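Chain and residue survey
Chain residues, written in single-letter form:
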Amino acid sequence: MKDTPQDFDTVYEEHKLLVYNLALHYCQNITSAEDITQDVFVKYFKNPEKFRGEAQLSTWFYRVTINTSLDFLRKKKRKPFLGFLDLNSVYEPSHFDHPGVTIEDQEATERIFKAINTLPLKQRTALILSKLEEKKQEEVAEIMNTTRKAVESLVQRAKKNIEIFLANEGF
């Protein structure tokens with residue numbers, strides 16, 4: 001059964017952690033994740049008709065959060081004096097701030113996220129959704145609007161690229 005638009009409180013309560021956690025995986029900063037979360041819910045509630053009911057509401061929120069997070073990263077990477085953007089360059093958060101990471105694990109986790117941030121966007125998204133968000137490949141395929149086989153391939157290439165990155169970094 002497909003979700004339909006609901007009242008603000010219900011939609012927010014059901015989806016706030018999904019949106020926040022996914023944004024946090026992309027930006028690795030609490031304040032930025034909160035800003036992205038706010039932007040996503042503003043988009044939904046300003047134009048609830050954009051959710052057409054073709055998929056579950058949670059799928060819509062995943063897609064919008066991914067796009068909003070990528071827009072955030074694009075803005076952070078802009079080089080005003082050059083006037084161009086490299087989406088595949090590494091995004092380095094000004095301060096790594098992830099609430100699920102203890103101080104003892106912060107350095108290792110920061111290295112892993114640095115490696116994830118070097119991945120091409122599709123690999124990064126597939127890896128975040130499947131490994132960090134623990135979504136099944138079928139769900140990731142629906143969110144990314146691709147096939148399960150493509151997701152499987154993207155995740156495998158992402159893992160290989162992370163291994164290469166960490167090996168080059170001496171880990």
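A brief report on the enclosed structure follows.

About the cut-offs
Residues numbered from 1 in each chain as written. Predicted model: local features only at pLDDT ≥ 70, side-chain atom pairs only at ≥ 80, totals over all residues. Heavy atoms only, no water. Axes fitted to C-alpha atoms, helices over the stretch in contact; angles between N-to-C directions. Helix = DSSP H or I, 4+ residues; strand = E, 2+ residues; numbered from the N terminus. Parallel < 35°, antiparallel > 145°, perpendicular 65-115°, else oblique. Contact = heavy atoms within 4.5 Å. Nonpolar A, V, L, I, M, F, W, Y, C, P; charged D, E, K, R; others polar. Salt bridge = Lys/Arg side-chain N within 4 Å of Asp/Glu carboxyl O. Buried < 20%, exposed > 50% of the residue type's maximum accessible area, 1.4 Å probe, protein only. Arc of directions from axis to C-beta.

1. Some remarks on the packing of helix H6 (residues 137-144) against helix H7 (residues 148-168)
Two elements in contact, H6 and H7, have axes separated by 8 Å at closest approach and are oriented at 100 degrees. Judged on the interaxial angle alone, H7 and H6 are roughly perpendicular. Packed against H6, whose contacting residues are Gln137, Glu138, Val140, Ala141 and Met144, the element H7 presents Arg148, Val151, Glu152 and Leu154 at the interface. In the contact of H6 with H7, the residues fall into five nonpolar, one polar and three charged.

2. Thoughts on the packing of helix H5 (residues 121-132) against H7
Packing of H5 against H7 brings their axes to within 8 Å, and their N-to-C directions diverge by 100 degrees. Between H5 and H7, the crossing angle belongs to the class labelled roughly perpendicular. Judged by residue contacts, Lys122, Gln123, Ala126, Leu127, Ser130 and Lys131 of H5 engage Val151, Leu154, Val155, Arg157, Ala158, Lys159, Asn161 and Ile162 from H7.

3. A few points about the pattern of salt bridges
Using the criterion set out here, one finds five salt bridges in the structure. The salt bridge partner of glutamate 139 is lysine 135, with a shortest N-O separation of 3.9 Å. Classification of lysine 135 as partly exposed rests on a relative accessible area of 22%.

4. A few points about H6
Of all the residues in H6, the buried ones are Val140, Ala141 and Ile143. Projected down its long axis, H6 shows its buried positions confined to an angular sector of 165 degrees, all on one face. Lining the buried residues of H6 we find helix H3 (57-77), H5 and H7. Immediately beyond the C-terminal end of H6, within one or two residues, lies asparagine 145, with a positive phi of roughly 60 degrees.

The values reported here are purely geometric and, on their own, carry no functional implication.
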